[in-house]
Amino acid sequence: MKKILMLLAVCLVFNSTCDAKDYAKIQLKELKKAQKYDATDKYFADYSKKNNVELGFDIKDPKLIKLKGYEYVSPEKLKAKNAEDSLKYMQIKTSLCGKKVDNYNAQAYGEDFYKIYRVAERIIRANNLDYINWKITVLRDTSFNAYSSEMNSITINTGAFDTFSTNEDALALIIGHEIAHSVLGHNARKSQHIRRINRCNNQETPLAYIIAKRRYISDSKKMEYAADATGAILAARANYNLNNAKDLISFLNTFDDGSEFHDTHPNAQHRLENYEDSRKYFLEDEWHKQGTYNMYKSNVIYPNLSSDRKSIVIPKTPGKTVDTSYKNERVSDMFTRYAYKAYLQGDFKMAEEYWGKLLDLDKNNPIAYLYFSYTEECLYKKTGNAKYLQNAKDFANFALRLAPDNKFIKEQINSL
């Protein structure tokens, strides 16, 4: 058998070296492959799920779903605050850009440091993340990569920075994604997985090792989806444009072959789908208002240039408490926005599901009952099923018992 295989190998080598090649046919075959891997098509590929629901009736929305944690700031006050901050940023830029060394391998350009500082500082202030020091390293490496380590350390390769040096929205998504890994506790979770894998390997239990490794790979992909979504929320609070930021994942899609079975990261197409699907349930306007208020109420954070000449530290703000610091979204908050946005988009069955989940957690929420009533009324108009009309009446009455003076609840009861 070995002799036959050797003979076949010799024949293949002989044919490939001695036969005249038809280079035109080679180019045709390559062109067919190029259609599948075309970088331009993949960059502009749209994986969003279109939602063009024709209802034939109006959806009620008295704009009662609002987030807490911010107050209205007049345009005059905001303009004055921005002017004050701009002067401080100019001082910081002059300081960072004035630190020059002859050996360009030793230190990143001050302009690059400033650009990364400016994006990171804006995200940190807008999200009340200034309760710890944040260390951001610019690593001289041409590979396209960024990663977080420990609780507060973010590294961005120059390959990634240079690619999006003219797109601050994409840089914001890179930084937001890595900060998200930290605040969501992903580094600790990954460490726990790795310890479990090493323990199984040291104990020479192959099946347990394989199971532990598969769990790590599966869980790691879910963490990447969560970091993409939460990173986008952090960027949105800092008033970055999420449409422009999507260029980051679109770029990843151009050199992703789609295989992810052995990879700790999902393929870029799935990440694009996750990004677009998550955004359907974002409260971007509310987050913009929160972030604007947070920046208005905070002061510019002056950075420190580290002694390693490749990182900056954005120090924490003294006096921060647990009440004034960043908090991950609560489950009830997520249920609220999923239900509300699904309702506005005409996905009433999904809205019905999440209003129910929210009320399981918060049975004394009159606004949730009111919007549940709106949702059931829409299902009645859409299907003609009388049970939805009865549900709409019941939920409106529940809401009235909890908030008897609410005019919108009274209007709903009268309309039904």
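Below or above, wherever it landed, is the structure these notes cover. Here the structure is a predicted model, which is why all the values come from computation and not from measurement.

1. Quick look at the overall build of the chain
Piece 1. Secondary structure summary: the chain contains 18 helices and five strands in total.
Piece 2. In terms of principal-axis extent, the alpha carbons of the chain reach across some 90 × 60 × 55 Å.
Piece 3. Within the chain, the proportion of its 416 residues that are buried is 42%.
Piece 4. Of all intrachain contacts in the chain linking residues separated by at least 6 positions in sequence, the fraction that spans at least 24 positions is 70%.
Piece 5. Roughly 23600 Å² of accessible area belongs to the chain as shown, and the carbon and sulfur atoms make up 53% of that amount.

2. Overview of the side chain of Asn294
Piece 1. Its place among the elements puts Asn294 in helix 13 (residues 284–297).
Piece 2. Ignoring anything within four residues of it in the chain, the contact list for Asn294 reads Gly69, Arg125, Ala126, Asn127 and Asn128.

3. Regarding the pattern of salt bridges
Piece 1. Counted under the stated rule, the structure contains 20 salt bridges.
Piece 2. The salt bridge involving Asp61 is made with Lys63; its shortest N-O contact spans 3.4 Å.
Piece 3. Taking relative accessible area as the criterion, Lys63 reaches 52% and is therefore assigned exposed.
Piece 4. It is possible to trace a salt-bridge network through shared partners that takes in Lys81, Asp85, Arg118, Glu121 and Arg125.

4. Some thoughts on the nonpolar core
Piece 1. If you look at the biggest cluster of nonpolar residues, it comprises 54 residues, and the most contacted ones within it are Ile123, Leu129, Ile156 and Ile179.
Piece 2. Once you skip the residues sitting within four places of it in the chain, Leu129 turns out to touch Ile123, Ile124, Trp134, Ile179, Val183, Leu234 and Tyr326.
Piece 3. Membership of the second largest hydrophobic core comes to 30 residues, among which are Tyr281, Ala351, Trp355 and Ile367.

5. A look at the packing of aromatic side chains
Piece 1. Applying the stated criterion across every chain yields a total of 23 aromatic pairs.
Piece 2. Between Phe335 and Tyr354, the aromatic rings sit 5.8 Å apart at their centres with planes inclined by 45 degrees, giving tilted as the arrangement. With Phe335 in helix 14 (residues 331–344) and Tyr354 in helix 15 (residues 348–361), the pair connects residues that are 19 residues apart, well separated along the chain. The residues Phe335 and Tyr354 share a single accessibility class, namely buried.
Piece 3. Note on Tyr338 and Tyr354: the rings are 5.3 Å apart at their centroids and 80 degrees apart in plane angle, and the pair reads as edge-to-face. In this pair, Tyr338 sits in helix 14 while Tyr354 sits in helix 15, placing the two residues 16 residues apart along the sequence.
Piece 4. Take Tyr354: its relative accessible area is 15%, and that puts it in the buried class.
Piece 5. Taken together through their ring pairs, the aromatic side chains of Phe57, Tyr340, Tyr343, Phe348, Trp355, Tyr371 and Tyr374 make up a single cluster.
Piece 6. Above the ring of Tyr89, the side-chain terminus of Arg118 is found at 3.6 Å from the ring centroid.
Piece 7. Directly above the ring of Tyr240 sits Arg122, whose terminal nitrogen or CZ lies 3.9 Å from the centroid.

6. Digging into the environment of Asn304
Piece 1. Examined against the element boundaries, Asn304 turns out to sit in strand 4 (residues 304–305).
Piece 2. In sequence terms Asn304 and Ile314 are ten residues apart; their C-alpha atoms lie 6.5 Å from each other.
Piece 3. Other than its neighbours up to four places away in sequence, Asn304 contacts Ser311, Ile312, Val313 and Pro315.

7. Concerning unusual backbone geometry
Piece 1. Backbone geometry at Asn128 places phi at a positive 55 degrees, although glycine is not the residue there.
Piece 2. Position of Asn128 relative to the elements: it lies in the loop between helix 5 (110–126) and strand 1 (134–139).
Piece 3. A positive phi angle, close to 65 degrees, is found at Asn239, a residue other than glycine.

8. Some points on the packing of helix 15 against helix 16 (residues 366–383)
Piece 1. Where helix 15 meets helix 16, the closest approach of the two axes is 10 Å, and the angle between their N-to-C directions is 155 degrees. Taken together, the axis directions place helix 15 and helix 16 in an arrangement best described as roughly antiparallel. Both helix 15 and helix 16 take part in a crossing whose hand is left-handed. Contact residues: Phe348, Lys349, Ala351, Glu352, Trp355, Gly356, Leu358 and Leu359 in helix 15; Ala368, Tyr369, Tyr371, Phe372, Thr375, Glu376, Cys378, Leu379 and Lys382 in helix 16.
Piece 2. Of the residues assigned to the contact of helix 15 with helix 16, the class counts are eleven nonpolar, two polar and four charged.

9. Thoughts on the pairing of strand 1
Piece 1. As paired strands, strand 1 and strand 5 (residues 311–314) are joined by four bridges and run antiparallel to one another. Bridged to Trp134 within strand 5 is Ile314.
Piece 2. One ladder, built from five bridges, connects strand 1 with strand 3 (residues 153–157); its direction is parallel. What sits directly across from Lys135, in strand 3, is Ser153.

10. Overview of the packing of helix 8 (residues 186–202) against helix 9 (residues 206–237)
Piece 1. Close contact between helix 8 and helix 9 brings their axes to 8 Å; oriented N to C, the two are set at 170 degrees. Classified by the angle between their axes, helix 8 and helix 9 sit roughly antiparallel to one another. From helix 8, His186, Arg189, Lys190, His193, Ile194, Arg196, Ile197, Cys200 and Asn201 reach across to helix 9, where they touch Ala208, Tyr209, Ala212, Lys213, Arg215, Tyr216, Asp219, Ser220, Met223, Glu224, Ala226 and Ala227.
Piece 2. Grouping the amino acids of the contact of helix 8 with helix 9 by side-chain chemistry returns ten nonpolar, four polar and seven charged.

Parameters and conventions
Residues numbered from 1 in each chain as written. Predicted model: local features only at pLDDT ≥ 70, side-chain atom pairs only at ≥ 80, totals over all residues. Heavy atoms only, no water. Helix = DSSP H or I, 4+ residues; strand = E, 2+ residues; numbered from the N terminus. Buried < 20%, exposed > 50% of the residue type's maximum accessible area, 1.4 Å probe, protein only. Contact = heavy atoms within 4.5 Å. Areas by Shrake-Rupley, 256 points an atom, 1.4 Å probe, with all protein chains shown as cover. Salt bridge = Lys/Arg side-chain N within 4 Å of Asp/Glu carboxyl O. Core = buried A, V, L, I, M, F, W, Y, C linked by side-chain atoms within 4.5 Å. Phe/Tyr/Trp six-rings, centres within 6.5 Å; stacked < 30°, edge-to-face > 60°. Lys NZ or Arg CZ within 6 Å of the ring centre and 35° of its normal. Axes fitted to C-alpha atoms, helices over the stretch in contact; angles between N-to-C directions. Parallel < 35°, antiparallel > 145°, perpendicular 65-115°, else oblique. Left-handed = near helix turned anticlockwise from the far one by under 90°. Nonpolar A, V, L, I, M, F, W, Y, C, P; charged D, E, K, R; others polar. Pairing = 2+ DSSP bridges.

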